[in-house]
Amino acid sequence: MASIPRFEPVTLLLFVLLSTALTISSGSGDGFTINGRVRIPQGLGTKGFALPGKISNVKVILNGGQNVTFLRPDGYFSFHNVPAGTHLIEVAAIGYFFSPVRVDVSARNPGKVQAALTENRRGLSELVLEPLREEQYYEIREPFSIMSVVKSPMGLMVGFMLVVVFLMPKLVENMDPEEMRRAQEEMRNQGVPSLASLLPGGGRS
Amino acid sequence: MAIAMAIRSFLFLLLLFFSSLNPILSLYEDQVGLMDWHQQFIGKVKQAVFHTQKTGRKRVVVSTEENVIASLDLRHGEIFWRHVLATNDVIDGIDIAIGKYVITLSSGGSILRAWNLPDGQMVWESSLQGPKHSKSLLLVLTNLKVDKDNVVIVFTNGRLHAVSSIDGEVLWKKDFEAESLDVQQVIQPPGSDLVYVVGFAASSQFEMYQINARNGELLKHESAAFSGGFLGEVSLVSSETLVALDSTGSILLTISSHNGKISFQQTPISNLVGDSLGPAVITPSSVTGIFSLKVNAITIFIRVIGEGKLEVLEKTNLKTAVSDALSISEGKQAFALIQHAGSEIHLTVKPADDWDGNLLKESIKMDRQRGLVHKVFINNYIRTDRSYGFRVLIVMEDHSLLLLQQGEIVWSREDGLASIIDVTTSELPVEKDGVSVAKVEHNLFEWLKGHMLKLKGTLMLASPEDMAAIQSMRLKSSEKSKMTRDHNGFRKLLIVLTRAGKLFALHTGDGRIVWSHLLQSLHKPQACQHLIGLNLYQWQVPHHHAMDENPSVLVVGRCGPSLDAPGVLSFVDTYTGKELSSLSLAHSVAQVIPLPYTDSTEQRLHLLIDADQHAHLYPKTPEAIGIFQREFSNIYWYSVEDDNGIIKGYALKSKCTSEVADEFCFDSRELWSVVFPSESEKIIATVTRKLNEVVHTQAKVIADQDVMYKYLSRNLLFVATAAPKASGEIGSVTPEESWLVAYLIDTVTGRILHRVTHHGSQGPVHAVFSENWVVYHYFNLRAHRYEMSVIEIYDQSRADDKDVWKLVLGKHNLTSPISSYSRPEVITKSQSYFFTHSLKSIAVTSTAKGITSKQLLIGTIGACFTGFGT
């Protein structure tokens, strides 16, 4: 549906660097192998999107669809036979926003790790990808609040009634009796029914 | 969630659907399934493996031509899990190992993956390399157990690998590169730990290797030469006998190896058939002792009786599909055979050793709109009386998948919808007084039951099944799934053309199939062998007679894959799905131009351009030609030649000067051409405006309270070119040697109105053109991020018109006609933004009057789906 993902304020997560093996290793044949890992921290994903065990639906995409791979149960992934050059890795996981990662595969020194998040240009010393934030696909229903009742047309009408019933007589009471009489007389001369005469307080005075 | 997972083709449909809605920001979570719908498809099944153990749910694992691997529920046909692989990651083979892993071999045999059967989690992945390109074969040795591990034998790229099915470790590998060998089959005789590799070397040498499957040791190598050469595939008949065809396809070779000796037996096919009609083809099958041959339309089943003697079992000219063998008990095999007879299909299950002893014979009524049976997969189960029952999974011509059991279709899946090539919309019928299209409740009992369910629902007593029933009832009775036109025109029929050549009409309210129609022309083999559907156009949209006339669509197809193959037109009623008429054309169809004119019956005039740039007018009526003659000088079109980097513009010249008088055929003349320098630019994308788009306002108020007039021309073409080096994959070029150029070209005069270069950028370009703006998406190599740019084009010649006094005094030129011939004074504005995601598709919403603000709909690669206001 024409759902506009409503992004929550960015909650950047600290990148936990793990002492794992190389990111890029020279593979057999003509290309290299890019190894990496996707980590979805525990605290995230409690909103019902990422049901536990659903990492089977996470896809890792190289260069906009040139290669697609999936995660192993431990979160590791690898692309085989990648030529030297600069590549882009994206992670497609429902419920999470991952920054695309720029990975440089150097032909000269194959062990070198060159990875950077393209969203915030943060360099990565290991290819460990973590979501930047959760995605919200649905409109959120407003919870019940007293202000929403007050601000509704019905609430405003009730408010206005209260003002008229309780505050207007007060205004009339504070008036100088002489001035009031003069005003009433003027009104009577004009023949316009005055507001004060309609009110119980005004009628008495 | 529902939205995010909608698949590619359905994104497309949803785009169209929601293009008609006013901007609703989004859905609430509890509205999912009520307002929207989503369906998942897998595509035409290539291979199926059953997993029907006594415990657990019965399922079938399938691989498809759309590179999908999926696990389906055998009871209902629902998808348990599904993975869509990359487009170049073609699946070569699937199998099940150690009862819990699905093994797939893909990418030309270079990637072997194992998936957990219950949840589809990938367990391991191995990359298999080899010295040269070759056929890829996958074989799971189920009876060879090494520490509870099944060995997976993979032959790929000229190398034989044995892979452990637990962790994907390569146990051993053996190269076959030295002997220019073309491996045909890898065979494992049952009950042994030997593997045979069979193939041809130098096209006339037959080679056979015997390998120990435990350690990869080469035990024996035999070879024999046959002077006639070989053609195509070999088929294994028994553990010692193979059959092949010689290079002419007219002699059948029986190859038997006996005690290390290979001997050939030749049998001319004419001896078997009587009169040989043409080259024969061996249909691959794995039934012991029997193989089948196809000579023209005749299928012949042949049994091999020891020592190369052949016996013809059956000859039939019915359309036949055969399954692989299924071992049912000790050394016993059975296979399924499906034959077409009229509107029925006959399913027979035969044991491999007794041709006439049918285990099962059933006739099933089959919808003609499904076409022929293309593939059969057989599975068995044990009935309560301990006898064998059989179920078969069949793949039809329209790519649908059906499960047959006990003479009935248990379930069917319309997987043709996974490969949609064109979509158009059609209005629903107008609600007529007195006739209600919506069905009333069948009877009182049904009605009472429905109300009881609803009562249960409100009293919180309903079980989940009841809740589902209530939900479906609500959906049925709800306004959005009615079969009539609504006031605002939101409800529509989506007419969809699939790659299999089938038309579907889907209801926008709930996505159900209203009717489907396999293009009838497919069944006239003499007229058209391989019909390929190309496009859909709205042929007739009745407004004046909307009550008693049905709209129709034009389906344009082509006979065969080549561009100059003759075309086929078919006219289909959109309410009933009946084909009104069809035409086999004498000319080819390179381009179809719906003209903005209709005749008195409201049929739209269409101009078909053939490969020789002749224009043909349809419908072929005198009235149409009358209308056409009036507008003769106002018709222009263009063609894009991507390979040569040329865009050409054409206009009509005169009637065709051919020997056959054809007053509906016109010659064209070339007006202009834009030639891009081939060493620096290559066309990668072209986009135009939609023909039926309506624009409501001509002016736009820009940020500084100023008014600008949109340059609205139907003849604008957006072209993106890239450096030839940079037209490949991302990362293959440096930013210095790549650039992207965007052009706006007027297609009447060939004038380039705007040109902008993005240095350090490359494709793929996805673009959408609407009103006076174009939005395109490309990759910026310098920032290494995706970018989106927008170009807006404004008419400068009318800039003075914004003076209020001139408007009041009538001194404006707002009513003066705009001509495409005149040189327009335009200015362009453009902006660029970074965009995070890779794109699959991009589209823009459109409404009937063009008043509602436009929203960009973007389908990203992760199958997510975003909208933007413009």
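Residues numbered from 1 in each chain as written. Chains lettered and ligands numbered in written order. Predicted model: local features only at pLDDT ≥ 70, side-chain atom pairs only at ≥ 80, totals over all residues. Heavy atoms only, no water.

This part is about the overall build of chain B. Along the backbone of chain B there are six helices and 60 strands. Here chain B, with 870 residues, has 53% of them falling under the buried criterion. For chain B, restricting intrachain contacts to residue pairs at least 6 apart in sequence, the fraction spanning at least 24 positions comes to 48%. About 39400 Å² of surface is accessible on chain B, with carbon and sulfur atoms providing 51% of the total. (Helix = DSSP H or I, 4+ residues; strand = E, 2+ residues; numbered from the N terminus. Buried < 20%, exposed > 50% of the residue type's maximum accessible area, 1.4 Å probe, protein only. Contact = heavy atoms within 4.5 Å. Areas by Shrake-Rupley, 256 points an atom, 1.4 Å probe, with all protein chains shown as cover.)

Let us look at the overall build of chain A. Across its full length, chain A holds five helices and 12 strands. With 205 residues in all, chain A has 40% of them scored as buried. Once local pairs closer than 6 in sequence are excluded, the contacts in chain A between residues at least 24 apart make up 59%. In the form shown here, chain A has an accessible surface area of approximately 11900 Å², with 61% of it arising from carbon and sulfur atoms.

Attention shifts here to the sheet that holds strand β48 (residues 682–688) of chain B. Residue and element names in this part refer to chain B. Reading across from one edge, β48-β51-β52-β53 is the order of the four strands in this open sheet, with antiparallel pairing throughout. Each edge of the sheet is formed by a strand with only one pairing partner; in this case those strands are β48 and β53 (752–759). Here the strands of the sheet are splayed against their neighbours by 15 degrees on average, with no regard to which way each runs. With seven bridges connecting them, strand β51 (residues 716–722) and strand β52 (residues 739–746) associate as antiparallel partners. Along β52, the bridge assignment pairs A720 with A742. (Pairing = 2+ DSSP bridges. Axes fitted to C-alpha atoms, helices over the stretch in contact; angles between N-to-C directions.)

On to helix α5 (residues 622–630) of chain B. Three- or four-residue spacings in an α-helix give side chains the same orientation, since the helix completes a turn every 3.6 residues. Residues and elements named next belong to chain B. All of the buried residues in α5 are A624, I625, I627 and F628. Buried residues of α5 fall within an arc of 160 degrees about the axis and therefore sit on the same side. For α5, the exposed residues set more than 90 degrees away from the buried face come down to P622 and R630. In the core, the buried residues of α5 are packed alongside β42 (591–598), β43 (604–609), β44 (615–618), β46 (646–655) and β47 (665–675). (Arc of directions from axis to C-beta.)

Before going further, it helps to examine the nonpolar core. Membership of the largest hydrophobic core comes to 23 residues, with the highest contact counts inside it found for I34, F77, I89, L127 and L129 of chain A. Elements with a contribution of two residues or more to this core: β2 (32–38), β3 (59–62), β5 (76–82), β6 (85–92), β8 (101–105) and β9 (115–117) of chain A. Once you skip the residues sitting within four places of it in the chain, I89 of chain A turns out to touch I34, V60, I61, L62, F77, F79, S99, P100, V101, V103, L127 and L129 of chain A. In terms of nonpolar packing, the next biggest core, distinct from the first, is built from 21 residues, L326, I345, M366 and I394 of chain B among them. (Core = buried A, V, L, I, M, F, W, Y, C linked by side-chain atoms within 4.5 Å.)

Next up on the list: the side chain of D73 of chain B. Residues and elements named next belong to chain B. Relative to the elements of secondary structure, D73 occurs in strand β3 (residues 68–73). In this structure D73 is buried but unpaired, with R75 as the nearest side chain of opposite charge at 5.6 Å. With residues near it in sequence (within four places) discarded, D73 still touches K58, E78, F80 and W411. (Lys, Arg positive; Asp, Glu negative; His and termini not counted. Salt bridge = Lys/Arg side-chain N within 4 Å of Asp/Glu carboxyl O.)

Looking down a regular strand, the side chains alternate between one sheet face and the other. All names here are of chain A. Relative to strand β4 (residues 67–70), β3 is paired through four bridges, and the arrangement is antiparallel. In the strand pairing of β4, V60 is matched with T69. In textbook terms, the turn of a hairpin is the stretch between consecutive antiparallel strands, and for β3 and β4 this stretch comprises four residues, one of which, N63, has a positive phi near 50 degrees. Pairing between β3 and β6: four bridges, direction antiparallel. Across the sheet, L62 pairs through a bridge with I89, a residue of β6.

Here the focus is the side chain of E207 of chain B. All names here are of chain B. With respect to the helices, strands and loops of the structure, E207 is situated in strand β15 (residues 205–212). At 2.4 Å, the side chain of E207 forms a polar contact with the side chain of H221. Not counting chain neighbours up to four residues away, the residues in contact with E207 comprise L181, V197, V198, G199, A201, H221, E222 and S223. (Polar contact = N/O pair within 3.5 Å; in protein donor to acceptor, adjacent residues only side chain to side chain.)

What follows covers the environment of V140 of chain B. Residue and element names in this part refer to chain B. Tracing the chain through its elements places V140 in strand β9 (residues 137–146). Sequence separation between V140 and M208 is 68 residues; the distance between their C-alpha atoms is 20 Å. Every residue in contact with V140, bar those within four places of it in the chain, is listed here: D95, I96, A97, N150, V151 and V152.

Turning our attention to the sheet that holds β3 of chain A. Residue and element names in this part refer to chain A. Taking strand neighbours across the sheet as the criterion, the six strands line up as β4-β3-β6-β8-β9-β10 in an open arrangement whose pairing is antiparallel. Across the chains shown, the open sheet's two edge strands, defined by having one partner strand only, are β4 and β10 (123–124). Where β8 meets β9, three bridges bridge the pair, whose relative direction is antiparallel. When the sheet's bridge partners are listed, V101 is paired in β9 with L117.

Next up on the list: the pattern of salt bridges. Residue and element names in this part refer to chain B. One pass over the structure, following the stated rule, counts 22 salt bridges over all chains. The shortest N-O distance in the salt bridge between D89 and R113 comes to 3.2 Å. Here the residue D89 occupies a position in the loop between β4 (79–84) and β5 (91–97), and R113 occupies one in strand β7 (residues 111–116), the gap between them amounting to 24 residues. You can call D89 buried: its relative accessible area is 2%. Its salt-bridge partner being E414, residue R370 comes within 3.2 Å of it at the nearest N-O pair. Of this pair, R370 sits in the loop between β29 (360–365) and β30 (373–382) while E414 is found in the loop between β33 (408–413) and β34 (420–427), placing the two residues 44 residues apart along the sequence. We classify R370 as buried; its relative accessible area is 10%. The buried category is assigned to E414, whose relative accessible area is 16%. Residues joined in a network through salt bridges with shared partners are R370, D398, E414 and K502.

Here the focus is the packing of aromatic side chains. Residue and element names in this part refer to chain B. Here the structure, examined in full by the defined rule, presents 14 aromatic pairs over all chains. Considering the side-chain rings of F628 and F632, the 6.0 Å spacing of their centres and the 85 degrees angle between planes classify their relative orientation as edge-to-face. On the basis of relative accessible area, F632 is assigned to the buried category, the value being 18%. Seen in terms of ring centroids, F779 and Y786 are 4.8 Å apart; in terms of plane orientation they differ by 75 degrees. Their pairing is edge-to-face. (Phe/Tyr/Trp six-rings, centres within 6.5 Å; stacked < 30°, edge-to-face > 60°.)

Turning our eyes to something else, we now look at unusual backbone geometry. Negative phi characterises most residues that are not glycine, and trans characterises most peptide bonds. Residues and elements named next belong to chain B. In this chain, Y618 is followed by P619 through a cis amide linkage whose omega measures -5 degrees. Along the polypeptide, P619 turns up in the loop between β44 and α5. Unusually for a residue other than glycine, S107 sits at a positive phi of about 60 degrees. Secondary-structure assignment places S107 in the loop between β6 (101–106) and β7.

It is worth spelling out the confidence of the model for chain B at this point. Regions with low pLDDT should not have their predicted coordinates read in detail. All names here are of chain B. For chain B, mean pLDDT is 80; residues scoring 70 or higher make up 86% of the total. Considering each helix and strand of chain B separately, the mean pLDDT is smallest for helix α1 (residues 8–18), with a value of 38, and largest for β51, with 92. Here residues 1–24 is modelled with pLDDT under 50, and outside its nearest four sequence neighbours on either side it reaches 75 contacts, counting other chains as well. Segment residues 434–441 is flagged for pLDDT under 50; beyond a separation of four residues in sequence, or across chains, it makes three contacts in the model. The complex model carries a pTM of 0.79, and its ipTM stands at 0.78. (pLDDT = per-residue confidence, 0-100.)

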